[in-house]
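# Overview (structure and organization)
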Amino acid sequence: MGIEQQGLKRHLRLGTIIMALIGVGLGGSIANAGSDDKYRAGDRSSGYTYAAKETRAMQDDDFANPAYIWIDQGEALWSTAEGAAGKSCSTCHDDAADTMKGVATRYPAYDKSLGKMKSTEQQINICRVKQMQAKPFKWESSQMLSMTAYVNSQSRGMAMNVKVDGAAAPFFEKGKAFFNERRGQLNMACKNCHEDNAGNMARANLLSEGQSTGFPLYRLKWQKLGSIHRRFRGCNKNVRAKPYGYGSDEYVNLELYVGWRGRGLPIETPAVRN
Amino acid sequence: MAVAVVAMAAAMPVVADAGVALVKYEVTGGESIAKSLTGKPGDAAKGRGLAIHRKKGNCLACHAMPIPEQSFHGNIGPDLAGVASRYSAGELRLRLVDATIVNKDTIMPAFYRTAGLHRVLKKFKDKTVLKAQEVEDILAYLLTLK
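These lines cover the structure that appears in this document, whether it is placed above or below. Predicted, not measured: the structure shown is a model, and the values here were computed from it. (Residues numbered from 1 in each chain as written. Chains lettered and ligands numbered in written order. Predicted model: local features only at pLDDT ≥ 70, side-chain atom pairs only at ≥ 80, totals over all residues. Heavy atoms only, no water.)

Glancing now at the interface of chain B and chain A. Counting residues at the interface gives 27 residues for chain B, matched by 23 residues for chain A. If you sort the residues of chain B by the area they bury against chain A, Ile107, His118 and Arg119 of chain B come out on top, with a joint share of 29%. One can count zero salt bridges joining chain B with chain A. For the pair chain B and chain A, the interface holds 16 residue pairs in polar contact (both at pLDDT 80 or more). Residues of the side of chain B that touches chain A, tallied by class, amount to 12 nonpolar, eight polar and seven charged. (Contact = heavy atoms within 4.5 Å. Buried area = accessible area lost by both parts, 1.4 Å probe. Salt bridge = Lys/Arg side-chain N within 4 Å of Asp/Glu carboxyl O. Polar contact = N/O pair within 3.5 Å; in protein donor to acceptor, adjacent residues only side chain to side chain. Nonpolar A, V, L, I, M, F, W, Y, C, P; charged D, E, K, R; others polar.)

To continue, consider the packing of helix 7 (residues 120-131) of chain A against helix 8 (residues 142-153) of chain A. Residues and elements named next belong to chain A. With their axes 10 Å apart at the nearest point, helix 7 and helix 8 run at an angle of 110° to one another. Taken together, helix 7 and helix 8 sit at an angle that is classed as roughly perpendicular. Taking contact as the criterion, the partners of Thr120, Glu121, Ile124 and Asn125 in helix 7 are, on helix 8, Met144, Met147, Thr148, Val151 and Asn152. For the contact of helix 7 with helix 8, the residue count by class is four nonpolar, four polar and one charged. (Axes fitted to C-alpha atoms, helices over the stretch in contact; angles between N-to-C directions. Helix = DSSP H or I, 4+ residues; strand = E, 2+ residues; numbered from the N terminus. Parallel < 35°, antiparallel > 145°, perpendicular 65-115°, else oblique.)

Turning next to the state of the cysteines. This structure, assessed with the given rule, holds zero disulfides over all chains. With no disulfide of its own, Cys190 of chain A lies 7.5 Å from the sulfur of Cys235 of chain A, the closest cysteine sulfur. Here Cys59 of chain B is not cross-linked by a disulfide; its sulfur's nearest cysteine counterpart is in Cys62 of chain B, at 8.9 Å. What makes Cys59 of chain B buried here is its relative accessible area of 13%. (Disulfide = S-S within 2.5 Å. Buried < 20%, exposed > 50% of the residue type's maximum accessible area, 1.4 Å probe, protein only.)

A word on unusual backbone geometry. Glycine aside, residues mostly have negative phi, and peptide bonds are mostly found in the trans state. Residues and elements named next belong to chain A. Cis geometry marks the peptide bond from Tyr107 to Pro108, where omega comes out at 0°. Secondary-structure assignment places Pro108 in the loop between helix 6 (103-106) and strand 3 (109-111). Going from Thr269 to Pro270, the amide bond is cis rather than trans, its omega being 0°. Note that Pro270 resides in the loop between helix 12 (249-261) and strand 9 (272-273). A positive phi angle, near 50°, is found at Gln133, a position not held by glycine. Here Gln133 is to be found in the loop between helix 7 and helix 8.

Looking now at the packing of aromatic side chains. Residues and elements named next belong to chain A. One pass over the structure, following the stated rule, counts 12 aromatic pairs over all chains. Considering the side-chain rings of Trp70 and Tyr218, the 6.0 Å spacing of their centres and the 55° angle between planes classify their relative orientation as tilted. With Trp70 in helix 3 (residues 68-78) and Tyr218 in strand 7 (residues 217-219), this pair connects stretches of sequence that are 148 residues apart. Take Trp70 and Tyr218: they sit in the same class, and that class is buried. Summarising the aromatic geometry, the rings of Phe232 and Tyr251 are spaced 5.4 Å apart at their centres and angled 65° between planes, so their arrangement reads as edge-to-face. Placement of Phe232 in helix 11 (residues 228-238) and of Tyr251 in helix 12 is noted, with a sequence separation of 19 residues between them. Given the relative accessible area of 11%, Phe232 is considered buried. In this structure an aromatic cluster arises from ring pairing among Phe172, Phe179, Tyr257 and Trp260. (Phe/Tyr/Trp six-rings, centres within 6.5 Å; stacked < 30°, edge-to-face > 60°.)

Structural data, given as structure tokens:
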């Protein structure tokens, strides 16, 4: 997609926002502005509800949200042919708004031929290699982050709903065990911070539940988009534990369990966090 | 009163800081280490600094403490103001050495332990978070919090 067209898209987005504002004005009620109810489900709440007002405001406004540089790149890549087969994603999947809708709510998903779980990133690379005969994207590359964010953002507002029974059950159990297992010199489990102490302050950090529904997300500290596996690695290293590799089975299973913990929460890719 | 010797599982000495073996200690009653780890008195001023230091005690990550010049004290654990009037030196020493002996589910790190840890980063492998004397220094500081 050309720069001009991207510009046009942005104008359309601005149009939508203006319409929404007018809508609020006509409704005569802004009582719900700033309410974060939609970021909660049952006893679960997104990191959004723990984020500072300024950080939320960046996420709320697609123009202020710095992650849109990556979303726009993902959109451009979607229809760019690559690889020996001369195909692009759109050759087979047409309009991502239709075909990718709901993907983020279902991944990681069990893959019969692999005999294990696959994450969205892995599915994208399966398509690149098998369907396009193109090189796989590197995990934390700008292309992979862009494409994953673009795909996941098609599910914005839809409820997280990973399948954890049937063939996925043993992988779910592994992810759960990982979440509850202590590790590192500081000997802490994910659970210690994100279950037992969500809502408490660790020095200047307000601990959230460690939900996955905003990923890939823009982290102010990273000054860029990052994958959920990058976050897992960071949380492992903070307790002085050896991290696992990007795309490792351990992290994909953990991602499945974390996804289940956030069941019912809306997908909010691309989120903004500090 | 039950006496348990911890830290030395087998005959092999556990390596702590740069090849220094972990000091043996005795837990009495499951809640106290009465004897100093080093025999050398702790330095309370040093201990205060170590309690603040993010790569050492980092106690402020989880505890409010009477250290007003530092902003953002955590609230994961209880406020440590007055902690020396609630606990004896031996009880405080045990909590610093390995709080999981008192409460196996605690989030508080064991500051003087190398055994039974999982996937420790190479840089920290077989090393304790605090050296024996650093435990004694922080303890000396805690004992000023009456």
